[in-house]
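Notes for the structure review
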Amino acid sequence: MFPTNYNENPFIVIWELTRACQLNCLHCRAEAQYIRDPRELTFQEGQKLIDEIRQMGNPMLVFSGGDPLMREDVYDLADYAVKQGVRVSMTPSATPNVTREAIRKAKEVGLSRWAFSLDGPNEEIHDRFRGTSGSFQLTMKAIEYLNELEIPIQINTTVSRYNLEHLDAMAALVERLNCVLWSVFFLVPTGRGKDSDMISPVEHERVFRWLYELSKKAKFDIKTTAAQHYRRVVIQQKMREKAQGADAIRYEDALTKGLTGQIDGLGRAPKGVNDGNGFVFISHIGDVYPSGLLPIVTGNVRDQGLASIYRESPVFQALRNPDGFKGKCGVCEFRHVCGGSRSRAFAMTGDYLESEPFCVYIPKGVTL
């Protein structure tokens, strides 16, 4: 059973196994390098971390990077986690490391899903974004292997000014590739990502509405990252659609009626996950962050248990209290479902409690 009391336990844990990667992506949060850092958590430290994660209500665990395949012990770590009953997925980079044999080994170990990034519907757009020629073709070949081995495929796409006008083609490609989930990220300017790479607040709103309409007809599921205000759009759209019916949806019913997601095989949360609120990130050297996009160190698993950092850190506690958010986010009627991207607030203002700067919604009672 997945945890739902985010004050106690996260819904999802991201562990950055390494920052080593052969790609040079324009938006890389980690500013990944070509060689591994000797300070990475060791295999034994990784086992201890997995044990701690298991004891925190057994949240989902994602091996991330950099490129997790740059660690030779990645399958041993996955095998250990699966044998402890932990549900593990992995987000490798599309490099020559992703062979049919590597994917077969992952299936034998018991990884529940693979996720690959696709940031354009063709080589020109995707390879430019990834900073490496041939990345698109490697990704297509890897997905072909995954389909052959009947391993569920998740596609991650970061929306930016470079691909905004190609999202229809991207959705068609995700469907053609037989993917179960399209995870749509909205760029946060951290690491190599720049303010100028982001789409505008109005464009965010337009994409949210488009995603909602797509979700009603697509064969794959859709979830968003760093786009907490998409939940507000979904609720508003459903309220409009049912306004004339006897079962009209109220804001207060949003969680119980499942409008913000549900626990299922695709890993959707039962309520809104946000930075530090149902979400925790562990870096390659053991530093603990509210998310990989919110670069505030709250402790290190080499010095302190993950559970105590997550539960007791003043930063985590503040992030789990939407009533304490500043500006319109703190008074918004959707604050307990949405809360705005704390990462983007920090990136744009230097204050993780400030209002989501790329949300156009004006809450009830706020006068301009």
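My aim in this report is to walk through the structure given alongside it, one point at a time. (Residues numbered from 1 in each chain as written. Predicted model: local features only at pLDDT ≥ 70, side-chain atom pairs only at ≥ 80, totals over all residues. Heavy atoms only, no water.)

Moving on, we get to the overall build of the protein chain. The helix and strand tally for the protein chain stands at 11 helices and nine strands. With 368 residues in all, the protein chain has 59% of them scored as buried. Expressed as a percentage of contacts within the protein chain between residues at least 6 apart in sequence, the contacts between residues at least 24 apart total 71%. (Helix = DSSP H or I, 4+ residues; strand = E, 2+ residues; numbered from the N terminus. Buried < 20%, exposed > 50% of the residue type's maximum accessible area, 1.4 Å probe, protein only. Contact = heavy atoms within 4.5 Å.)

A separate point is the sheet that holds strand S5 (residues 153-159). What the nine strands build is an open sheet, ordered S7-S6-S5-S4-S3-S2-S1-S8-S9; its pairing is mixed. Two strands lie at the open edges of the sheet, namely strand S7 (221-225) and strand S9 (288-289), each paired on one side alone. In terms of strand pairing, strand S6 (residues 181-186) meets S7 through five bridges, oriented parallel. Residue pairing across strands places Val184 opposite Thr224, the latter belonging to S7. In this fold helix H1 (residues 43-55) packs onto strand S1 (12-16), strand S2 (60-64) and strand S8 (279-282), with an angle of close to 170 degrees to the strand it touches most, S1. Relative to the sheet, helix H7 (residues 201-215) contacts S6 and S7, its axis offset from that of S6 by approximately 170 degrees. (Pairing = 2+ DSSP bridges. Axes fitted to C-alpha atoms, helices over the stretch in contact; angles between N-to-C directions.)

In terms of nonpolar packing, the biggest core is built from 83 residues, with Trp15, Leu61, Phe63, Trp114 and Trp182 touching the most fellow members. Of all hydrophobic cores here, the second largest spans eight residues; its members include Ile296, Val315, Leu319 and Leu353. (Core = buried A, V, L, I, M, F, W, Y, C linked by side-chain atoms within 4.5 Å.)

Closest axis-to-axis distance for the helix H4 (residues 123-130)/helix H5 (residues 135-148) pair is 8 Å, and the angle between their directions is 105 degrees. When the interaxial angle is binned, H4 and H5 end up roughly perpendicular. In this structure, H4 uses Glu123, His126, Asp127 and Arg130 to contact H5, whose residues at the interface are Ser135, Phe136, Gln137 and Thr139. A class-by-class count of the residues in the contact of H4 with H5 yields one nonpolar, four polar and three charged. (Parallel < 35°, antiparallel > 145°, perpendicular 65-115°, else oblique. Nonpolar A, V, L, I, M, F, W, Y, C, P; charged D, E, K, R; others polar.)

So, on to the pairing of S1. Here S1 lies mainly inside the structure; five of its five residues are buried. Burial along S1 is two-sided: Ile12, Ile14 and Glu16 facing one way and Val13 and Trp15 facing the other are all buried. Strand direction decides the pairing type here: S1 and S2, joined by five bridges, are parallel. Bridge pairing in S2 links Val13 to Leu61.

Once that is clear, we can look at the pairing of S8. Both faces of S8 are covered, namely the face carrying Phe279 and Phe281 and the face carrying Val280 and Ile282. One ladder, built from four bridges, connects S1 with S8; its direction is parallel. Counted as the bridge partner of Ile12 is Phe279 from S8. Direction of pairing for S8 relative to S9: antiparallel, over a ladder of two bridges. Across the sheet, Phe281 pairs through a bridge with Tyr289, a residue of S9. With antiparallel pairing between neighbouring strands as the criterion, S8 and S9 make up a hairpin whose turn holds five residues, including Gly286 at a positive phi of roughly 95 degrees.

This is a description of form; function is not addressed.
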